[in-house]
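What follows is each chain in one-letter form.
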Amino acid sequence: MTTTLVRKAVGVTSLALVAATVVMGLFVTPPDVVQGNLARLLYVHPPVAWVAYLAYGVTSIASGLYLWRPTRSLKWDRIAVASAEVGVVFTGLTLVTGSIWGRPAWGVWWTWDARLTTTAILFVLYLGYLALRRIPLSPETRAKRSAVAALIAFIDVPIVHESVVWWRTLHQGATVATLGANTKVHGIMAWTLLLGFIAFTMVYIWMAMVRYRVETMSAEIEAHQLEAWEAERMAEADTSDAAIGRLLDPGTRAPDEVPTDQGVAPR
Amino acid sequence: MIRRAWAVARKDMLIEVHSKVALNQVIPFALAVLLTFGFALDTRNQLLAEIAPGLFWVVVLFSSLYLISRSFRVERENAAMEGLVLYGIDPMAVFFGKLAALALQMFVLEAVAAAGIVILFNPPVGSLGLLAISAVAATLAIGSIGLVYGALSSSEQSGESLLPLLVIPVLAPIVISAAKCWSDAESAGAGIYDPWLKIVAIFSAVFLAVGAAAFGPAMED
Amino acid sequence: MPADDSVSFSSVTVTLAGFPALLNLSFEVEAGETVYLRGPNGAGKTTLLRTLAGLEKPTRGSAMVLGVELPGGERSLRALAGMMGTRSHLYEDLTVAENLDLARRLLGISSSRIDDAAELFGVRGRLWKQKVASLSAGQKRRVALAGLVAKNPRIWLLDEPHSSLDAAGRDLLDKLIVEATKRGAIAFVATHEAEAGRAGGRVLEMVGGTVRAEAREASPGDEGPASEVPE
């Protein structure tokens, strides 16, 4: 019950914080000198991107803890999938908000900048992770295989990032100035940005908790199913014992004149 | 361990010798794709020569996915992989054995595809050594990651169509760096002391190590 | 005391995709015994064989098989066990000779052993250079059995071994089981056939993932009704 309360409290808090971020970002903070109202995406885009990376970090740690024998527990697998799903949503949001920002700021929806490219590959990488989880397997096998995949992804992300950075820099200069360079962040804007980070982090925690709860509940349903099956299997054996008794014990043999379709052995 | 890895490699190569799937299906597929690029992008040779390095690795990567799928399909028939497991075999021996056989098939594929590109699109070739060494490194990386994900996604019910989705994003750094090696190899003064060759070699070492470490947990359930 | 060449299960449960294929199963088998597993479809016979081969892990309970503890020692058990399931484990694209040669290389045994085994099951001649894909089900079974004999396992795990074998093949297999158990091996044979136990040995009646009754056949060839001994 306490976890339910905590979850609800986190949910309410995160919604309130997002609402506060909306008010601060849209109405309280001034428009930017250079980018005008466009700069208000500053309060959304970086926090969303941060949450995406945070989520994958949590997935990696949970996967590592599952693979490490002393801490092996399906709990970590549930945390890994809960976090990865939220991470994929937030990576999608990062790409979308980045595009919305990029179109007026740079004149293009997309540019082969190192960070963008890495984020796009990250998105596909974890879509693959979620697809892998959908192969019908026993919970333990699935947990083990997806933990291996999550750790490979974790090792791969820095490699992807480095390779894309070299790819862009060895042959042409970085095409996009860093996001904050032409946006002076200070005073009320800095506080709103901080609020945005806290708000979206809370949203992440809340969504991951809800998702974790769903995973736990389906595991509970499976456990109930297991009990039911065990009972059924016991009964299988017992009915067959009873049937053997009915058939073989002396005195239970049906006299010839009893019609067989009645199906009940007479006294 | 080496004896058993060799036994596995030999077995996979004999399967190819008998079935000729790589020779009669996958390599012709790679050539067909190259021809299709020629039609689709018109015969403006300049453009085709320019994109040749990237084109080569895209074609090799996609064709290799068929070889990787095939490598696991033969293990699924009659539950043959279970037979290997029943010899108490070390998964590492299976990994290196299958990698050796797969890499050999990929080398042939790459040689044919490279020849096709040079003949059809006519890009300049400055350093064959750079091309060859980078291809060996990239092949080991593609093979390692492919085998791990092949094992991860293998199940009786599904998995073959999942393999490309899993493998392609992970191998993005290899495609980038190997294609850059080829680009550099086009210039007349190119040699094997290329910065991209170092990068592709380091990445390949990492992927090979990751593959060897991850294959065991992926294969044994 | 769990001797090095015996089998003992204590309260073993094996769940497959959440379903208790084996449930709370306990039994003991001594070296040299032949155990026939009988029971309806879904009773857990195949899962028991796979667990004995080290292919499935006990999810609850523990077992000692040939001195190997389960769960945990699956890989070392696999090297000792000889399993013939419903799938042949053969590579369809390889010839009979190549399949058995792979077994020879992986087991590290001499090629004369392989030749003898292949000779015994009659796959040395005309079939030797044929691809497995072109063989009949019974011929594939003979090739698989040749590999099994060459391995000379300490525990024989046979799932419906008589299916698709001809009369000569069945007799040969039965004889092999008798000879192997005489030399201290253990054999588990899952079968639907009524004559289970005609070569002597124990019969375990499995229902619902566990053993419900046990019968012991005193002598080979005895076809009398099994006496029901509740567990």
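About the thresholds
Per chain, the residues get numbers from 1 upward, laid out in the order the sequence is written. Following the order in which they are written, the chains are lettered starting with A and the ligands numbered starting with 1. Per-residue local features of the predicted model are confined to residues with pLDDT of at least 70, and side-chain atom pairs are confined, for both listing and counting, to 80 or more; whole-chain, interface and lining totals are unaffected and use all residues. By the criteria applied, helices consist of DSSP H or I runs no shorter than four residues and strands consist of E runs no shorter than two, each listed in order from the N terminus. Only C-alpha atoms enter the radius of gyration, while the globule expectation follows 2.2 Å times N to the 0.38, with N the number of residues. Here a residue counts as buried when 20 or more other C-beta atoms fall within 10 Å of its C-beta, as exposed when 12 or fewer do, and as partly exposed in between; the C-beta atoms come from the backbone. For every residue pair, C-beta atoms are placed from the backbone, and the pair is scored as a contact if these atoms sit within 7 Å. What makes a nonpolar core is a set of buried Ala, Val, Leu, Ile, Met, Phe, Trp, Tyr and Cys residues, with links drawn between C-beta atoms within 7 Å. Three residue categories are used. Nonpolar comprises Ala, Val, Leu, Ile, Met, Phe, Trp, Tyr, Cys and Pro, charged comprises Asp, Glu, Lys and Arg, and polar comprises the others, including Gly.

Q: How do you make sense of the overall build of chain B when you look at a structure like this?
A: Counting its regular elements, chain B contains nine helices and zero strands. The C-alpha radius of gyration of chain B comes to 18 Å, within 12% of the 17 Å expected for a compact globule of 221 residues. With respect to the three principal axes, the spread of C-alpha positions in chain B is 55 × 35 × 30 Å. Sorting the 221 residues of chain B into buried and exposed places 53% on the buried side. Long-range contacts, defined as pairs at least 24 residues apart, comprise 86% of the intrachain contacts of chain B with a sequence gap of at least 6.

Q: What should I look at first to understand the environment of Gly32 of chain C in this one?
A: Residues and elements named next belong to chain C. Note on placement: Gly32 falls in the loop between strand S2 (19-29) and strand S3 (34-38). Along the backbone, Gly32 and Val178 are 146 residues apart, and their C-alpha atoms lie at a distance of 9.0 Å. For Gly32, the residues in contact, after removing those within four places along its chain, are Thr181, Lys182 and Gly184.

Q: Please explain the nonpolar core as it appears in this structure.
A: Burial of nonpolar side chains together is a common tendency in soluble globular proteins. With 208 residues, the main nonpolar core has Phe56, Ala141, Val148, Leu171 and Val200 of chain B together with Ala146 and Leu157 of chain C as its most contacted residues. Broken down by element, this core gets its largest block of residues, 14 residues, from helix H6 (residues 128-152) of chain B. Those residues in contact with Phe56 of chain B that sit more than four places away from it in its chain are Ala113, Ala114, Ile117 and Trp182 of chain B.

Q: Just checking my understanding: could you explain the interface of chain B and chain A for this structure?
A: Where interface size is quoted, it is often the accessible area lost as the parts come together. On the side of chain A, 24 residues touch chain B, which itself brings 25 residues to the contact. Those elements that provide at least two residues to the side of chain B that touches chain A are H6, helix H7 (162-170), helix H8 (172-186) and helix H9 (195-219) of chain B. Considering each element in turn, the side of chain B that touches chain A owes the most residues, seven residues, to H9 of chain B. Looking at the side of chain B that touches chain A residue by residue, the class counts come to 17 nonpolar, six polar and two charged.

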